[in-house]
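Fold and contact review
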Amino acid sequence: MDRRGFIRTGAAAAAVLAVPEWVAAAISGLTESEIERKVVQIVAQMTLDEKIKQMAGHVPLTNLAQRVLNPKYPDTWNTPENDRLGVPSIRSIDGPRGCGTGKSTAFPAGMCRGATWDEKLEQRVGEAAGYECRAQTANLLLSPCVNVLWHPSWGRAQETYGEDPHHLGIMGAAHVTGAQKHVMACPKHFAANNIEESRFSVNAVMDERTLREIYLPHFRKCVEAGAASVMSAYNDLNGELCGHNEHLLRDVLKGDWEFEGFVVSDWIMAVEDEVEAALAGLDLEMPRGTHFGRKLKKAVLNGEVPEQVIDEAVSRILRMKFRFIKPDFTEGYDMGMVGGEKHAALARETAEKGIVLLKNDNKALPLLGDVKTLAVGGGHAARVVMGDKGSSAVNPPYAVSPLEGIESKAGGRVKIIKAGSSPSSAASAAGKADAAVLFVGLDWKDEGEHFPIVEVGGDRKDLGLSKKDVKLIKSVAASSERCIVVVYGGSAITMEDWKDDVDAIVMAWYPGMEGGSALANVLFGDVNPSGKLPIVFPKSMDQLYKFDNKAKEVHYDYYHGYRYFDKNGLEPAWPFGFGKSYTTYEYSNLRLSEDEIGSSGSIKAKVDVKNAGDMAGEEIVELYVGYQGSEVHRPVKDLKAFARVRLEPGRKETVALEIRAQDLAYYSEEVNDWVVEEIEYEVMVGPSSKEEDLIKAGFKIFGP
Ligand code: BGC
């Protein structure tokens, strides 16, 4: 490839390609040079019509309408094969919560998985979803969603992993690595897709430094993990539709990052002009060739689009097909695994690790032997609430409600009173019980992917719970000795109006098909909660910048989320990275491997973490960096590493975290490149991003 992503042909092409070893080895069995030779040979034999056919889906209009009107419609979205030349079709399926076809495993939503901060676990989730896709003949999983959560009002917040580019990149790349053991993955939506209801029209405006440092690094990590494709977003970025955005697609993705895969448009209305899109570097229009069909052929014939551009796009698509698809694609794949026990157990483990304990006064949790009678109420208690009904929805073979989870765990030994959701009857039930648990929060009507025709989902206008839920909580809290509230939602919920009234608060997010069992395990102490917030929880909407989903243009500042709170000295309700446990952890003895490193070096931070309580648990250790004497404005602290460690009671472990000098660079618009500054850096390690939680050490970068 040249600097901007155009394909070189023949041996030169084979020589420059570098792909993670496992990708080629695991799937097609062909070597990279065999794949490149095959691509060149086949492109040379294709007619223009055959090439252009490769560049668009061929989903019939009837299927399309059905898919929008009935989100349960489970078919794959396909592109044509070419039998004459032995080229298979792409069979794509959503998405971020698991495989969207058939009766597949519904994993917890992305935000819950983000709260696990568990890279290896997310790799296993990606692997399981990829397996289920492949068993059901799909070869492209339209996942992960790695858009930055810029503002908690975003309707699709639940699909992504959080607000921090480093954390998002680690989780997204893990998902790609796992999924691509079986199928192609598709990080989306590239880029700055952070408002739902105006996604088709809004122009996201930001400077180059903000783009490179905040809105793109996580996509880059997914590309470095070998992602086969990237989905362009619906919105404009700096005045150019993302699917027509030459800077984004050619300069950055295919140029700077040397991406070898193909760029697929988001679905419907994401391409407006075939010439602009093709020249800018879009390779595949989905789900139909509205522009990449007859119109594109005409543009090639009249010279507006050079045939070399078509060859480049087709080569990218074929390269990935030959890397990932083989004739006996589903052989050995067991349908029994789809939505089966093993993956359901993984969904449960993931929910258990992603559930966040926000408050736990007077040891209200766990519910131990002293609780003989338990009142269970709230609108979500007897329901299965797994998230929105948009493209990330999954239809599992079964799903467990919280009440079912509690009954099967404790029904024999604890008397369970169904308290319902009317404030007066729930309060009276709670008054007769040793403790009360309320399951409340959001569902698909409150937030999610938005389809204008059927008006489902959309962004949140308010960050609090409904008046009904608040009334219920307050009534129950007034009559209960021990009131526990479990909250569902895809991102931050404001709780100032009731949080002081209750004893414990658990953030369940959307915990997937096994959510009810996972919650019961956490509430009764079979599992020690370990999830931490991957986003900051504000006290009120007023603490945040404006979210206007009617605006045609939105200006994105460099600072959002915890960086914005830090910069403006605001105190959140709960900080980024926060989460309690049934035990306590002590941090000590932070030390660095060097005092000074060069700009291409790296440094190791070691810290001792002790479980000072009496219950085994897992702790997420977070490392932030601060910049002293920088020539440019910098965040007060920047997450640069994290790790999960399991600790038995009384046990102390040394946790090592690495920071590369390159990862501390800022993007200079003057030199159009990354600059590692020769300044002092502060390393801050602890259980959350809260200043008082962090212990500190410093080092310098000097010389190369
Ligand atoms: C969504 C994508 C999804 C696609 C296919 C679009 O509306 O934005 O995330 O992958 O539909 O379902």
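Residues numbered from 1 in each chain as written. Predicted model: local features only at pLDDT ≥ 70, side-chain atom pairs only at ≥ 80, totals over all residues. Heavy atoms only, no water.

From N to C terminus, the protein chain includes 20 helices and 28 strands. If one aligns the C-alpha atoms of the protein chain with their principal axes, the spans along those axes are about 80 × 60 × 50 Å. Across the 704 residues that make up the protein chain, the buried fraction comes to 65%. When contacts within the protein chain are restricted to residue pairs at least 6 apart in sequence, those whose partners lie at least 24 apart make up 78%. (Helix = DSSP H or I, 4+ residues; strand = E, 2+ residues; numbered from the N terminus. Buried < 20%, exposed > 50% of the residue type's maximum accessible area, 1.4 Å probe, protein only. Contact = heavy atoms within 4.5 Å.)

Bringing the packing of helix α17 (residues 423-431) against helix α18 (residues 467-479) into the picture now. Interaxial distance between α17 and α18 falls to 8 Å at its minimum, and their mutual angle equals 25 degrees. Between α17 and α18, the crossing angle belongs to the class labelled roughly parallel. Two packed elements cross with a definite hand, and for α17 against α18 that hand is right-handed. Residues Pro-423, Ala-426, Ala-427, Ala-430 and Gly-431 of α17 form the contact with α18, whose participating residues are Lys-471, Leu-472, Ser-475, Val-476 and Ser-479. Classifying every residue of the contact of α17 with α18 gives 6 nonpolar, 3 polar and 1 charged. (Axes fitted to C-alpha atoms, helices over the stretch in contact; angles between N-to-C directions. Parallel < 35°, antiparallel > 145°, perpendicular 65-115°, else oblique. Left-handed = near helix turned anticlockwise from the far one by under 90°. Nonpolar A, V, L, I, M, F, W, Y, C, P; charged D, E, K, R; others polar.)

Of all 9 residues that make up helix α19 (residues 515-523), 9 are buried, and the element is covered over most of its length. Tucked inside the fold, the buried residues of α19 contact α15 (341-354), α16 (402-410), β13 (435-441), β16 (483-488) and β17 (504-509). Just beyond α19, the residue with positive phi is Gly-525, at close to 80 degrees.

The sheet built from 5 strands is open, its strands ordered β20-β28-β27-β22-β23 with mixed pairing. At either end of the open sheet lies a strand with only one pairing partner, and these are β20 (596-597) and β23 (638-647). (Pairing = 2+ DSSP bridges.)

Packed helix pairs are specified by the crossing angle of their axes together with the interaxial distance, meaning the distance between the axes. With their axes 8 Å apart at the nearest point, α15 and α19 run at an angle of 45 degrees to one another. When the interaxial angle is binned, α15 and α19 end up oblique. Considering the relative orientation of α15 and α19, their crossing is right-handed. For the pair formed by α15 and α19, the contact residues are Arg-348, Ala-351 and Glu-352 on the first element and Ser-517, Ala-518, Asn-521 and Val-522 on the second.

The next subject is helix α8 (residues 165-179). Between its first and last C-alpha, α8 extends 21 Å over 15 residues, near the 21 Å set by a 1.5 Å rise per residue. By the criterion of burial, α8 is predominantly enclosed, with 15 of the 15 residues buried. (Expected span 1.5 Å × (residues − 1).)

Here we take up the pattern of salt bridges. Counted under the stated rule, the structure contains 50 salt bridges. For Asp-94, the salt bridge identified is with Lys-188, shortest N-O distance 3.2 Å. Residue Asp-94 is located in the loop between β2 (91-93) and α6 (110-114), and its partner Lys-188 is located in the loop between β4 (184-185) and β5 (203-205); the two are separated by 94 residues in the primary sequence. Take Asp-94: its relative accessible area is 7%, and that puts it in the buried class. By relative accessible area, which is 1% here, Lys-188 ends up buried. Two residues, Glu-159 and Arg-156, come together in a salt bridge whose shortest N-O distance is 2.7 Å. The same class applies to Glu-159 as to Arg-156, namely buried. Salt bridges here are not isolated pairs; linked through shared partners, they connect Asp-118, Arg-124, Glu-349, Lys-353, Glu-618 and Arg-644. (Salt bridge = Lys/Arg side-chain N within 4 Å of Asp/Glu carboxyl O.)

Here the focus is the sheet that holds strand β1 (residues 77-78). Here 4 strands make up an open sheet; going across it, the order is β1-β2-β3-β4 and the pairing mixed. Either end of the sheet is taken by a strand with one partner, and the two such strands are β1 and β4.

A few words now on the site of the ligand. With respect to spatial proximity, 14 residues lie near the ligand, and among them Asp-94, Arg-156, His-189, Asp-266 and Glu-449 are the closest. A distance of 3.3 Å is found between an oxygen atom of the ligand and a side-chain nitrogen or oxygen belonging to Tyr-234. Here the ligand loses 96% of its free accessible area of 310 Å² to cover by the protein chains. Tallied by class, residues from the shell around the ligand come to 5 nonpolar, 2 polar and 7 charged. (Near = heavy atom within 4 Å. Polar contact = N/O pair within 3.5 Å; in protein donor to acceptor, adjacent residues only side chain to side chain. Areas by Shrake-Rupley, 256 points an atom, 1.4 Å probe, with all protein chains shown as cover.)

The next subject is the side chain of Arg-634. Looking at the secondary structure, you find Arg-634 in the loop between β22 (617-628) and β23. What makes Arg-634 buried here is its relative accessible area of 7%. Polar side-chain contacts of Arg-634 include one of 3.3 Å to the side chain of Ser-630. When sequence neighbours within four positions are dropped, the list of residues in contact with Arg-634 reads Arg-209, Tyr-559, Lys-567, Tyr-627, Leu-664, Ala-665, Tyr-666, Val-675 and Glu-677.

Within β23, 9 of the 10 residues are buried, which leaves the element mostly enclosed by the surrounding structure. In this structure, β22 lies alongside β23, joined through 9 bridges in antiparallel fashion. Within the sheet, the bridge partner assigned to Ile-620 lies in β23 and is Arg-644.

Turning our attention to the nonpolar core. One finds Met-184, Phe-190, Leu-253, Phe-262, Val-305 and Ile-310 to be the most contacted residues of the largest nonpolar core, which totals 116 residues. In terms of residues, this core owes the most to one element, helix α14 (residues 307-324), which gives 9 residues. Ranked by size, the runner-up nonpolar core spans 78 residues in total, among them Ala-364, Ala-436, Leu-438 and Ala-508. (Core = buried A, V, L, I, M, F, W, Y, C linked by side-chain atoms within 4.5 Å.)

This next bit is on the layout of surface pockets. Roughly 1,100 Å³ of internal volume is contained in the largest pocket. What lines the largest pocket is a set of 41 residues, among which His-166, Lys-221, Lys-640, Arg-660 and Asp-663 lie closest to the centre. Secondary-structure elements contributing two or more residues to the lining of the largest pocket are α7 (119-135), α8, α9 (208-215), α10 (217-224), α15, β23 and β24 (652-660). With 7 residues, the single largest contributor to the lining of the largest pocket is β23. For the lining of the largest pocket, a count of residues per class yields 20 nonpolar, 2 polar and 19 charged. The volume enclosed by the second largest pocket comes to roughly 570 Å³. In terms of lining, the second largest pocket is formed by 25 residues, of which the most central are Lys-580, Ser-581, Tyr-582, Thr-583 and Thr-584. (1 Å grid on protein atoms, 1.4 Å probe; cavity = no way out; pocket = protein on both sides within 12 Å on 5 of 7 lines; lining within 4 Å. Points joined across faces, edges and corners; volume = space filled by probe spheres on them.)

Looking now at empty space enclosed by the protein. A complete count under the given rule lists 5 cavities of 30 Å³ or more for this structure. In this model, the second largest cavity occupies a volume close to 50 Å³. Around the second largest cavity, the lining residues are Leu-149, Trp-150, His-151, Pro-152, Glu-163, Ile-535, Val-536, Pro-538, Leu-544, Tyr-545 and Gly-561. Its residues placed into classes, the lining of the second largest cavity shows 8 nonpolar, 2 polar and 1 charged.

Relative to the helices and strands, Ile-535 resides in the loop between α19 and β18 (553-555). Look at Ile-535 and you get buried, because its relative accessible area is 0%. Along the backbone, Ile-535 and Ala-492 are 43 residues apart, and their C-alpha atoms lie at a distance of 7.3 Å. For Ile-535, the contacting residues outside a window of four places in its chain are Met-111, Leu-149, Gly-162, Glu-163, Ser-491, Ala-492, Trp-509, Pro-575 and Phe-576.

Moving on, we get to the packing of aromatic side chains. Taken as a whole and judged by the stated rule, the model has 20 aromatic pairs. Ring centres of Trp-150 and Tyr-556 lie 4.6 Å apart, and the angle between their planes is 55 degrees; this geometry places the pair in the tilted category. Of this pair, Trp-150 sits in the loop between β3 (140-141) and α8 while Tyr-556 sits in the loop between β18 and α20 (561-567); the two residues are 406 residues apart in sequence, bridging distant segments of the chain. Look at Trp-150 and you get buried, because its relative accessible area is 5%. The buried category is assigned to Tyr-556, whose relative accessible area is 6%. Grouped by ring-pair contacts, the aromatic residues Trp-150, Tyr-215, Tyr-545, Phe-547, Tyr-556, Tyr-564 and Phe-565 constitute a single cluster. (Phe/Tyr/Trp six-rings, centres within 6.5 Å; stacked < 30°, edge-to-face > 60°.)

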